[in-house]
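# Per-entry structural report
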Amino acid sequence: MDDTMISMLQMAGKGYGCSQILILLALEARGEHSPALVRAAAGLAYGCGTGKGSCGVLTGGCCVLGLFAGKGSDQEQESDKLMLMLQELSDWFSEHVGSRYGGIECQAIVGDEGPRAARQRCGVILAETYTKVMDILVSNGFDL
């Protein structure tokens, strides 16, 4: 088990959801803190609260890509690579996770028991997706 997995487990133990954990790890990599952003990411958990939306790991991963490549102020420009990176992550997630569980909606992945019952499954998906997000960023020239 590597340091990132240990951090993920610690964050989960403190009550953070999947999307929040991805944001916390990305902020840590950037040497930043943003409680408001972490709170906002809570809205992505469990398929935006209903289980019927996309998995919070996928949407949280997209937010991480946006954190690095999106426009954040009038003086900034969105990276021309952002949409391609989002597409790469979405395609990978659909192939890698969606094909395993019959969809990318949270409920398809965790089943009727809900996200608390599927922590181990979600933890594996979270770790794999975080690695994929970091790989996408590095391969597109972002300095982590």
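The preceding data block contains the structure.
Summary of the structure given here.

Conventions and cut-offs
Residues numbered from 1 in each chain as written. Predicted model: local features only at pLDDT ≥ 70, side-chain atom pairs only at ≥ 80, totals over all residues. Heavy atoms only, no water. Core = buried A, V, L, I, M, F, W, Y, C linked by side-chain atoms within 4.5 Å. Buried < 20%, exposed > 50% of the residue type's maximum accessible area, 1.4 Å probe, protein only. Helix = DSSP H or I, 4+ residues; strand = E, 2+ residues; numbered from the N terminus. Contact = heavy atoms within 4.5 Å. Disulfide = S-S within 2.5 Å. Expected span 1.5 Å × (residues − 1).

## Some remarks on the nonpolar core
- With 37 residues, the main nonpolar core has Val-64, Leu-65, Met-85, Phe-93 and Leu-137 as its most contacted residues.
- Listed by contribution, the elements that provide at least two residues to this core are helix H1 (3–13), helix H2 (18–30), helix H3 (35–41), helix H5 (56–69), helix H6 (82–101), helix H7 (106–110) and helix H8 (119–139).
- For this core, the element with the most residues is H8, which contributes eight residues.
- When near neighbours in sequence (up to four residues on either side) are disregarded, Val-64 contacts Leu-22, Ile-23, Ala-26, Val-133, Met-134 and Leu-137.

## Some details on the state of the cysteines
- According to the stated counting rule, one finds zero disulfides in the structure shown.
- In this model Cys-48 remains outside any disulfide bridge; the closest cysteine sulfur is found in Cys-63, 9.4 Å from its own.
- Among the residues examined, Cys-48 registers a relative accessible area of 48% and is labelled partly exposed.
- You can see Cys-62 has no disulfide; the closest cysteine sulfur is in Cys-63, sitting 7.1 Å from it.
- The exposure class assigned to Cys-62 is partly exposed, which follows from its relative accessible area of 22%.

## A short note on H2
- Its 13 residues place the ends of H2 19 Å apart at the C-alpha level, agreeing with the 18 Å of an ideal helix rising 1.5 Å per residue.
- Three or more residues of H2 are buried, namely Ser-19, Gln-20, Ile-21, Leu-22, Ile-23, Leu-24, Leu-25, Ala-26 and Leu-27.
- Packed against the buried residues of H2 are H1, H3, helix H4 (45–48), H5 and H8.
- Where H2 ends, the next residue or the one after it, Gly-31, has phi of about 70 degrees, a positive value.

## Notes on the environment of Gly-102
- If you trace the backbone, Gly-102 turns up in the loop between H6 and H7.
- Taking the C-alpha atoms as reference points, Gly-102 and Val-138, separated by 36 residues in sequence, lie 30 Å from one another.

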